[in-house]
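Residue-level structural notes
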Amino acid sequence: MRVFIPTTPAGLASVHADGGIVSAPLAAYAVTDAFRAWYDSEDEEELEYGALTRAAEDSLRLLAAEPGAPRRVVLAADVPDALVGVRAQDGPGAVLVDAAVPRKRIAAVHMDTAEAEGAITAALAGGLTDELIEATEEHELLWFATQELADLL
């Protein structure tokens, strides 16, 4: 199952240093049956984009505890279905990955560019209201290969 794991630049540095995500369980987002019904789409790419967007919102919330790091980061990883459980209380698509995720299972890194920093800083300063979160979503997370991880740091 493809899962989207929210993190931060500091979390990305830990992934690089540790060779993956060593702490578990991990809060993430995925295209679950409940997410499909909620998102109301049959297009797999569109559904994955929706799950990625939900993870980016959580990354933004994680940044509130990490001053000086105004870029959202989401890791896309492929993990065995048996390791993924639903977190229904946290909304559609919210899942829990019950294992560490080695770097070889991370398919891509999605990260903001410098252009998004103003909107992210404003959202963090303004208390993460729905309106401010939506303003950050006007900035697309870029896709990076895992081979570029060191360059992103």
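Preceding this paragraph is the structure being described.
So, here's what we can say about the structure. (Residues numbered from 1 in each chain as written. Predicted model: local features only at pLDDT ≥ 70, side-chain atom pairs only at ≥ 80, totals over all residues. Heavy atoms only, no water.)

1. Things to note about the sheet that holds strand S6 (residues 94-97)
Ordered by their spatial adjacency, seven strands build an open sheet running S5-S6-S3-S1-S4-S8-S9, and the pairing between neighbours is antiparallel. Only two strands of the sheet have a single neighbouring strand rather than two, namely strand S5 (84-86) and strand S9 (142-144). Each adjacent strand pair in this sheet contributes to an overall mean axis angle of 35°, direction not counted. The sheet contact formed by strand S1 (residues 2-7) and strand S4 (residues 73-78) spans six bridges and is antiparallel. (Pairing = 2+ DSSP bridges. Helix = DSSP H or I, 4+ residues; strand = E, 2+ residues; numbered from the N terminus. Axes fitted to C-alpha atoms, helices over the stretch in contact; angles between N-to-C directions.)

2. A closer look at the pattern of salt bridges
Counted according to the given criterion, the structure contains six salt bridges. The shortest N-O distance in the salt bridge between Arg36 and Glu44 comes to 3.1 Å. A residue is classified by how much of its surface remains accessible, and Arg36, at 31% relative accessible area, is partly exposed. Note that Glu117 and Arg71 form a salt bridge whose closest N and O atoms lie 2.7 Å from each other. Taken together, the positions of Glu117 in helix H4 (residues 117-125) and Arg71 in the loop between helix H3 (44-63) and S4 put the pair 46 residues apart, joining distant regions of the chain. Exposure remark for Glu117: the relative accessible area of 25% places this residue in the partly exposed category. On the basis of relative accessible area, Arg71 is assigned to the partly exposed category, the value being 24%. (Salt bridge = Lys/Arg side-chain N within 4 Å of Asp/Glu carboxyl O. Buried < 20%, exposed > 50% of the residue type's maximum accessible area, 1.4 Å probe, protein only.)

3. What to know about the nonpolar core
By size, the foremost hydrophobic cluster in this structure holds 22 residues, and its most contacted members are Val3, Ile5, Leu12, Leu75, Val97, Val101 and Val109. Those elements that provide at least two residues to this core are S1, helix H1 (9-18), strand S3 (26-30), S4, S6, strand S8 (106-111) and helix H6 (149-152). The residues contacting Leu75, other than those within four sequence positions of it, are Val3, Phe4, Ile5, Thr7, Leu12, Val15, Ile21, Ile106, Ala108 and Val109. Leu52, Val74, Ala76 and Leu141 belong to the second-largest nonpolar core, a separate cluster that totals 14 residues. (Core = buried A, V, L, I, M, F, W, Y, C linked by side-chain atoms within 4.5 Å. Contact = heavy atoms within 4.5 Å.)

4. Points about the pairing of S1
Side chains on a regular strand alternate between the two faces of the sheet. Counting buried positions along S1 gives five out of six residues, so the element sits mostly inside the fold. With two bridges joining them, S1 and S3 adopt antiparallel strand pairing. Paired with Val3 across the two strands is Ala30, which belongs to S3.

5. Description of H1
Turning to H1, its buried residues number three or more, namely Gly11, Leu12 and Val15. When H1 is viewed along its axis, its buried side chains cluster within an angular range of 105° and face the same direction. In the stretch just after H1, Gly19 is the one whose phi turns positive, near 80°. (Arc of directions from axis to C-beta.)

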